[in-house]
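Here is how the chains run, residue by residue.
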Amino acid sequence: HAKGGEGAVAVAEAVAAACKRSREADDKGTGGFRYLYPLDIPIKSKIETIAKEIYGAKAVQYSPEAEEKIKLYTEMGFGSLPICMAKTQYSLSADAEAKGVPVDHVLPIKDIRVAAGAGFIYPLCGTMSTMPGLPTRPAYYDIDVDPDTGKIVGLF
């Protein structure tokens, strides 16, 4: 890192070599990258595998809205997409106050969304806020300086 871009070349080469070894090992069936779950299992099974194997949950509780979305996304052909859980970064549970490594908790899934272009499904665990999408026309087009007053206009 001390050499800037030049210093990053060695890191990039090491990452590329590790990826190549991983692909070769995977092709031989001796290891390499693999998902925690097969992509062809049902959405709920993927979520429950992550909840139990990674987060230490004893169960997953789905809201009626999440249940409906699972059915819809499966019918729409998105059931084979991988899962990217959206939850608090402060705990392995959905409770930001549960510090350390809580076990035997119930992971609540309040909603589920699909990022079709990006190619994944993201369940919302507990109370989550997500960032709104950006508009097709950036707001800076409407910001200007009024030549008569010198004031900035169009901010709000």
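Overview of the structure. (Residues numbered from 1 in each chain as written. Predicted model: local features only at pLDDT ≥ 70, side-chain atom pairs only at ≥ 80, totals over all residues. Heavy atoms only, no water.)

### What about the overall build of the chain?
Logical step 1: The helix and strand inventory of the chain stands at three helices and five strands.
Logical step 2: For the chain, the sequential pattern of α-helices and β-strands runs α-α-β-α-β-β-β-β.
Logical step 3: Across the 156 residues in the chain, those meeting the buried criterion constitute 28%.
Logical step 4: Pairs at least 24 apart in sequence give 54% of the contacts found in the chain among residues at least 6 apart.
Logical step 5: With the model as given, the accessible surface of the chain reaches about 11000 Å², and the carbon-plus-sulfur share is 58%. (Helix = DSSP H or I, 4+ residues; strand = E, 2+ residues; numbered from the N terminus. Buried < 20%, exposed > 50% of the residue type's maximum accessible area, 1.4 Å probe, protein only. Contact = heavy atoms within 4.5 Å. Areas by Shrake-Rupley, 256 points an atom, 1.4 Å probe, with all protein chains shown as cover.)

### Re a nonpolar patch on the surface
Logical step 1: A contiguous nonpolar patch, built from Tyr140, Tyr141, Ile143, Val145, Ile152 and Leu155 and spanning about 620 Å² of accessible area, is present on the exposed surface.
Logical step 2: Exposure remark for isoleucine 152: the relative accessible area of 54% places this residue in the exposed category. (Patch = residues over 30% accessible without salt bridge, like charges linked within 9 Å, V, L, I, M, F, W, Y side chains within 5 Å. Salt bridge = Lys/Arg side-chain N within 4 Å of Asp/Glu carboxyl O.)

### As for helix α2 (residues 43-53)
Logical step 1: Taken together, the buried positions of α2 are Ile43, Lys46, Ile47, Ile50 and Ala51. Buried residues in α2, looked at end-on, bunch into an arc of 130 degrees, giving them a common side. (Arc of directions from axis to C-beta.)

### Structural notes on the sheet that holds strand β3 (residues 120-125)
Logical step 1: Strand order in the open sheet made by the three strands is β1-β2-β3, with mixed pairing throughout. A single partner strand is all that each edge strand has here, and the edge strands are β1 (57-62) and β3. Averaged over all adjacent pairs, the angle separating strand axes in this sheet is 45 degrees, with direction ignored.
Logical step 2: Two elements, β1 and strand β2 (residues 105-115), share five bridges in a ladder whose sense is parallel. The residue of β2 that forms the bridge with tyrosine 62 is isoleucine 109.
Logical step 3: Against the sheet, α2 makes contact with β1, β2 and β3, and its axis sits at roughly 140 degrees relative to β1, the strand it touches most. (Pairing = 2+ DSSP bridges. Axes fitted to C-alpha atoms, helices over the stretch in contact; angles between N-to-C directions.)

### Describing the packing of aromatic side chains
Logical step 1: All chains considered together, the criterion is met by three aromatic pairs.
Logical step 2: Sitting above the plane of the tyrosine 55 ring, lysine 87 keeps its charged end 4.9 Å from the centroid. (Phe/Tyr/Trp six-rings, centres within 6.5 Å; stacked < 30°, edge-to-face > 60°. Lys NZ or Arg CZ within 6 Å of the ring centre and 35° of its normal.)

### Looking at the nonpolar core
Logical step 1: If you look at the biggest cluster of nonpolar residues, it comprises 21 residues, and the most contacted ones within it are Ile47, Ile83, Met85, Leu107, Ile109 and Ile112.
Logical step 2: Sorting the residues of this core by element identifies α2, β1, α3 (64-75), β2 and β3 as the ones contributing at least two each. (Core = buried A, V, L, I, M, F, W, Y, C linked by side-chain atoms within 4.5 Å.)

### Comments concerning the environment of arginine 34
Logical step 1: One can find arginine 34 in the loop between α1 (5-28) and α2.
Logical step 2: The class for arginine 34 is exposed, based on a relative accessible area of 64%.
Logical step 3: Considered as a pair, arginine 34 and serine 22 are 12 residues apart in the sequence and their alpha carbons are 9.4 Å apart.

### What to know about the pattern of salt bridges
Logical step 1: As enumerated under the stated definition, the model contains five salt bridges in all.
Logical step 2: The salt bridge partner of lysine 69 is glutamate 65, with a shortest N-O separation of 3.9 Å. Taken together, the positions of lysine 69 and glutamate 65, both in helix α3 and four residues apart, correspond to about one turn of that helix.
Logical step 3: One salt bridge connects lysine 71 with glutamate 75, and the closest N-O pair in it is separated by 3.7 Å. Of the two residues, lysine 71 and glutamate 75 both sit in helix α3, four residues apart, roughly one turn of that helix. As far as burial versus exposure is concerned, lysine 71 and glutamate 75 are alike and both exposed.

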